[in-house]
Amino acid sequence: MLKTHWRLTLAGALLISGAVQAQGVAADGQKIVMQGDGSGAPCLACHGLDGAGNNAAGFPRLAGLDAAYIAKQMRDYNSGTRVSPIMQPNVDNLSEQQILDVAAYYAQQPVPAAAAAPDDAELLKLGEKIATRGDWNQYIPACESCHGPDSQGMGSAFPGLAGQHPNYIKQQLNAWRDGSRHNDPNQLMTGVAERLSEQQIEAVSTYLGAQQAVAAEGGQ
């Protein structure tokens, strides 16, 4: 009985230790963001120290996104499940702990203010329709049905879209549509993107980019 209790206690301790080890350390992540890992460019070169990204260049905002989602994307680049000639050579030597650290750092950065909405009421109206109600005549579900209320994100599988750069959203929708991206759960996005028109992609990207993001749980 005593031996069994000891084994259970040891197993519990190992589980707790593993859980602690699996946490990212934001301070260590900041060092990689600023300096890189010695084999690739530092993250701030594209995403900025604050994780704000760059709309003109199509670099996504990382600040305030779910840490587990950020980590998953880096793992996918590492494994080749998600392809990017920019990202892959810069993350391919990161260890699992470094991935967690970078993800923790960016998840804790304050969410920047959303971009100003363009003066195009019809475009924004169409984008709002796709984001909040979808287009069931074309079998297109609302973005919110997976990405949560106000498209603020749902855990590691469905990132926040509100406040993301419009050019990045368009870029990714087109990647889902042409099959160059396929690392989503059950290829849900592929089916949706294939049914979106160019006008709908432009509209929903513009609308979502103009919505204020809220940091994921655990962010700032």
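Here the structure is shown first, and the text comes after it.
> Lay out the layout of surface pockets with the relevant residues and their values.
Here the second largest pocket defines a volume of roughly 220 Å³. At the level of secondary structure, the elements contributing two or more residues to the lining of the second largest pocket comprise α4 (67-79) and α6 (96-107). Along the lines of polarity and charge, the residues of the lining of the second largest pocket split into eight nonpolar, four polar and two charged.

> Quick one: what's the story with the pattern of salt bridges, residue by residue and with numbers?
Summed over the entire model, instances satisfying the criterion amount to four salt bridges. Among the salt bridges present, the one from K72 reaches D76, with a minimum N-O distance of 2.6 Å. Residue K72 and its partner D76 are both found in helix α4; the two are separated by four residues, about one turn of the helix. Overall, K72 belongs to the partly exposed group, its relative accessible area being 28%. With a relative accessible area of 10%, D76 lands in the buried category. For R75, the salt bridge is made with E96, and the minimal N-O distance between the two is 2.8 Å.

> Provide a residue-level description of the state of the cysteines, including the pertinent values.
Counted under the stated rule, the structure contains zero disulfides. No disulfide involves C46; its sulfur sits 8.9 Å from the nearest other cysteine sulfur, which is in C43. Note on C46: relative accessible area 23%, which makes it partly exposed. Free of any disulfide, C146 has its nearest cysteine sulfur in C143, 9.1 Å distant. For C146, a relative accessible area of 29% translates into the label partly exposed.

> Break down the nonpolar core for me, citing the residues and quoting the values.
In terms of nonpolar packing, the biggest core is built from 20 residues, with V33, I70, M74, V91, L94, V102 and Y106 touching the most fellow members. Of all the secondary-structure elements, those providing two or more residues to this core are α2 (26-35), α4 and α6. If one sorts the elements of this core by residue count, α6 sits on top with seven residues. Contacts of Y106, omitting those with residues within four sequence positions, involve V33, C43, L44, H47, G48, L49, D50, G51, L62, A63, G64 and I70. Among the nonpolar cores identified, the runner-up in size contains 16 residues, and L173, L196, Y207 and L208 belong to it.

> An account of the side chain of N183 is needed here, citing residue identities and associated values.
When you line up the elements, N183 lands in the loop between α9 (166-178) and α10 (188-195). Given a relative accessible area of 7%, N183 falls into the buried group. A distance of 3.0 Å separates a polar atom in the side chain of N183 from a polar atom in the side chain of Q73. Only 2.8 Å separates the side chain of N183 from the side chain of R181, close enough to count as a polar contact. Leaving out residues up to four positions away in the same chain, N183 has contacts with K72, Q73, D76, T81, R82 and W176.

> Go over the environment of Y105, please, and point to the residues and values.
Note on placement: Y105 falls in helix α6. Taking the C-alpha atoms as reference, Y105 lies 9.7 Å from L49; in sequence the two are 56 residues apart. Excluding anything up to four places from it in sequence, Y105 contacts A26, G29, Q30, V33 and L49.

> I'd like to hear about α10, residue by residue, with values.
Burial in α10 covers these residues: T190, G191, V192 and A193. Among the structural elements, α9 are those in contact with the buried residues of α10.

Criteria and cut-off values
- In this convention, every chain numbers its residues from 1, walking through the sequence in written order.
- In view of the model being predicted, local features appear only for residues whose pLDDT reaches at least 70, and side-chain atom pairs are presented and counted only at 80 or more, with totals across whole chains, interfaces and linings using the full set of residues.
- Side-chain numbers come from the whole structure's heavy atoms, not from hydrogens or water.
- Lining residues are defined by having an atom within 4 Å of a point belonging to a cavity or pocket. Those points lie on a 1 Å grid over the protein atoms alone, cavities being sets where a 1.4 Å probe fits but cannot get out and pockets being open sets with protein on both sides within 12 Å along at least five of seven lines.
- Grid points are joined across faces, edges and corners, and a volume is the space filled by probe spheres set on the points.
- Strands are runs of DSSP state E lasting at least two residues, helices are runs of H or I lasting at least four, and both sets are numbered from the N terminus onward.
- Residue polarity is assigned by list, with Asp, Glu, Lys and Arg as charged and Ala, Val, Leu, Ile, Met, Phe, Trp, Tyr, Cys and Pro as nonpolar; anything else, Gly included, falls into the polar class.
- Any carboxyl oxygen of Asp or Glu that lies within 4 Å of a side-chain nitrogen of Lys or Arg is treated as forming a salt bridge with it.
- Under the scheme applied here, a residue whose accessible area is under 20% of the maximum for its type counts as buried, over 50% as exposed, and between as partly exposed, the area being computed with a 1.4 Å probe on protein chains only.
- We call a pair of cysteine sulfur atoms a disulfide whenever their separation is within 2.5 Å.
- Definition used in this section: a nonpolar core is a set of buried Ala, Val, Leu, Ile, Met, Phe, Trp, Tyr and Cys residues joined via side-chain atoms within 4.5 Å.
- The contact criterion used is simple: two residues touch if any of their non-hydrogen atoms lie within 4.5 Å.
- Within 3.5 Å is the distance limit for a polar contact, defined as a pair of N or O atoms, with the added protein rule that one can donate a hydrogen and the other accept it, and that residues adjacent in sequence qualify only through two side-chain atoms.

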